Every structure is written in structure tokens, then in C-alpha cells.
Amino acid sequence: MSDKSTRARRAALIAVTATAALVLTACGDGGHSGHSAASPSATADPSAGPHNAQDVSFAQGMIPHHRQAVEMAALASHRAASAEVKDLAARIEKAQDPEIATMTGWLRSWGAKVPAAGSAASMPGMDHSGHAGMSGMMSTKDMASLKAASGKEFDTMFLTMMVEHHKGAVEMAGTEKAKGRSGPATSMADDIVTAQNAEITEMNGLLGQG
């Protein structure tokens, strides 16, 4: 009787231990996906080291500039006819959204003003004529035209506008590389120059196929 009880208790203990191990494994797997993987990128590291006025100007200008590019790119998923244009637009969104978060973190750590969220094209002084430091920005009229277009007309308009937009970003990033003090900010500027010049070449190629 005693042996039987002991064996029963052991069997129960083994079952409980196995179940606990499975639960812990499942929890461990869940913890390495989703939120834990996304958390570092969702909350940008605000430490950008020593900085100067140019670094602040770069972040404050590039945030709305990137926001407009993301806004333009988001239209492509349901308005573009070309798979190449849709793919390019998705890559632009994927690259620039995290950079917006990172620059926002820098500005907060520096005690500087973060540009208000919203449609960049509708913000005061955010078109070609109203903001000398915002090279390549589309006007409210430009954005309205893009939103009204679809199919091949959208593709051509999007590529033409985005080439102009990217050229503006490259110009702004070039100024940051030359005059900025923050290592992370000048490094991002270098990445922007490299990536967006490559995309300009790609977009000009797509325009040439039309």
C-alpha cells in the first residue's frame, strides 16, 4: 500500500514537473517574440551624446520631412499600379518610421521641441515656398494631387515627387554631416545620404521604364 502511494506520488510529481517545464518553455518562447523584440525599437535610445544647434535643427527638420515621405508612401499600397512602386514605398516606410522615433528621442533628451505630429504638408511653413530649410517638401496642393491619383498616373507622380523629396533629404543630411557634432546624428545623416541616393537612382530607373 505504501509502495503504491509512493509510486502514485512520484508519477504525479513527474507529471507536474513536465507540465511546468512545458509552460515555462512556452512562456520563454513568447517572451522572445512580439513585445520583447519590438520594445527596443519602439522606445528609441535618446542618448545622442554631445550635440550642437545643427544637430537639433537636423532632427527638427528631418522629422516632418520623414513624416511626409511616410505619408506619401502609405498611399502606394492602394493607389499604385506597379509592384515595384509598392515595394519601394514599403521600404521607405520601414526605413523612415524608426528614424523618426530615434530623432524624437534625441530631441527629448536634449530638451528641444519635438515637431508636432500630423500631416507635414498641412503644417504652417512646410511647403516649398514657406520653409527654406525644408528642401524637397511637397506643398499641400502637391499632396492633394497625389491623393487624387491612382494607377499609372499615381506611379509617375509618386516617383517624380519622391525623387525631389529624397534630394531634399540628402541635402539636409549633407549639412548635418558637415556641421553636426552628435556622432549618432551625423551617422544617421550618412545613412540617409547613402540609402536615399540609391533610391533616387532606382526611382529614376522606374520613371525611365514608363
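Report follows, based on the coordinates.

Cut-off values and rules
Residues numbered from 1 in each chain as written. Predicted model: local features only at pLDDT ≥ 70, side-chain atom pairs only at ≥ 80, totals over all residues. Heavy atoms only, no water. Helix = DSSP H or I, 4+ residues; strand = E, 2+ residues; numbered from the N terminus. Buried < 20%, exposed > 50% of the residue type's maximum accessible area, 1.4 Å probe, protein only. Contact = heavy atoms within 4.5 Å. Axes fitted to C-alpha atoms, helices over the stretch in contact; angles between N-to-C directions. Parallel < 35°, antiparallel > 145°, perpendicular 65-115°, else oblique. Left-handed = near helix turned anticlockwise from the far one by under 90°. Nonpolar A, V, L, I, M, F, W, Y, C, P; charged D, E, K, R; others polar. Phe/Tyr/Trp six-rings, centres within 6.5 Å; stacked < 30°, edge-to-face > 60°. Salt bridge = Lys/Arg side-chain N within 4 Å of Asp/Glu carboxyl O. Lys, Arg positive; Asp, Glu negative; His and termini not counted. Polar contact = N/O pair within 3.5 Å; in protein donor to acceptor, adjacent residues only side chain to side chain. Expected span 1.5 Å × (residues − 1).

1. Quick notes on the overall build of the chain
- A count of helices and strands for the chain gives 7 helices and 0 strands.
- Reading the helices (α) and strands (β) of the chain from amino to carboxyl end gives α-α-α-α-α-α-α.
- Counting the 210 residues in the chain, one finds 36% classified as buried.
- Of the contacts made within the chain by residues no fewer than 6 positions apart, 76% connect residues no fewer than 24 positions apart.

2. What about the packing of helix H5 (residues 140-148) against helix H6 (residues 151-179)?
- The N-to-C vectors of H5 and H6 enclose an angle of 150°; their axes lie 9 Å apart at closest approach. Between H5 and H6, the angle is such that the two are roughly antiparallel. Relative to H6, H5 is oriented so that their crossing is left-handed. Taken together, the residues of H6 that come into contact with H5 (itself represented by Asp142, Ser145 and Leu146) are Phe154, Met157, Phe158 and Met161.
- A breakdown of the residues in the contact of H5 with H6 according to their chemical character gives 5 nonpolar, 1 polar and 1 charged.

3. Things to note about the packing of aromatic side chains
- Summed over all chains, the structure comprises 2 aromatic pairs.
- Between the aromatic rings of Phe154 and Phe158, the centroid separation amounts to 5.6 Å while the plane-to-plane angle is 15°, which identifies the pairing as stacked. Note that Phe154 and Phe158 are positioned in helix H6 at a spacing of 4 residues, about one turn of the helix.
- Overall, Phe158 belongs to the buried group, its relative accessible area being 0%.

4. Let's talk about the pattern of salt bridges
- This structure, assessed with the given rule, holds 4 salt bridges.
- Of the charged contacts, one joins Arg91 and Asp87 as a salt bridge, the two residues approaching to 3.0 Å between their closest N and O atoms. Linking Arg91 with Asp87, this pair stays in helix H4 (residues 83-110), spanning 4 residues, or about one helical turn.
- Between Glu202 and Arg91 there is a salt bridge whose closest N-O contact spans 2.6 Å. Taken as a pair, Glu202 in helix H7 (residues 183-209) and Arg91 in helix H4 lie far apart in primary sequence, 111 residues in all.
- Accessibility expressed as a relative area gives 29% for Glu202, which makes it partly exposed.
- One salt-bridge network, in which partners are shared between bridges, spans Asp87, Arg91 and Glu202.

5. What about the side chain of Asp55?
- Topologically, Asp55 is positioned in helix H3 (residues 53-79).
- There is no salt bridge for the buried Asp55, and the closest opposite charge comes from Arg181, which lies 6.7 Å off by N-O distance.
- A distance of 2.8 Å separates a polar atom in the side chain of Asp55 from the backbone nitrogen of Ser182.
- In this view, Asp55 contacts Pro50, Trp110, Glu176, Gly180, Arg181, Ser182 and Ala185; residues no more than four positions away in its chain are not counted.

6. Concerning the packing of H3 against H6
- Between H3 and H6, the shortest axis-to-axis distance is 10 Å and the interhelical angle comes to 165°. Classified by the angle between their axes, H3 and H6 sit roughly antiparallel to one another. Here H3 and H6 pass one another in a crossing that is left-handed.
- Along the lines of polarity and charge, the residues of the contact of H3 with H6 split into 14 nonpolar, 8 polar and 4 charged.

7. So, H4
- Its 28 residues place the ends of H4 41 Å apart at the C-alpha level, agreeing with the 40 Å of an ideal helix rising 1.5 Å per residue.
- Once H4 finishes, Gly111 follows within two positions and takes phi at roughly 75°, a positive value.

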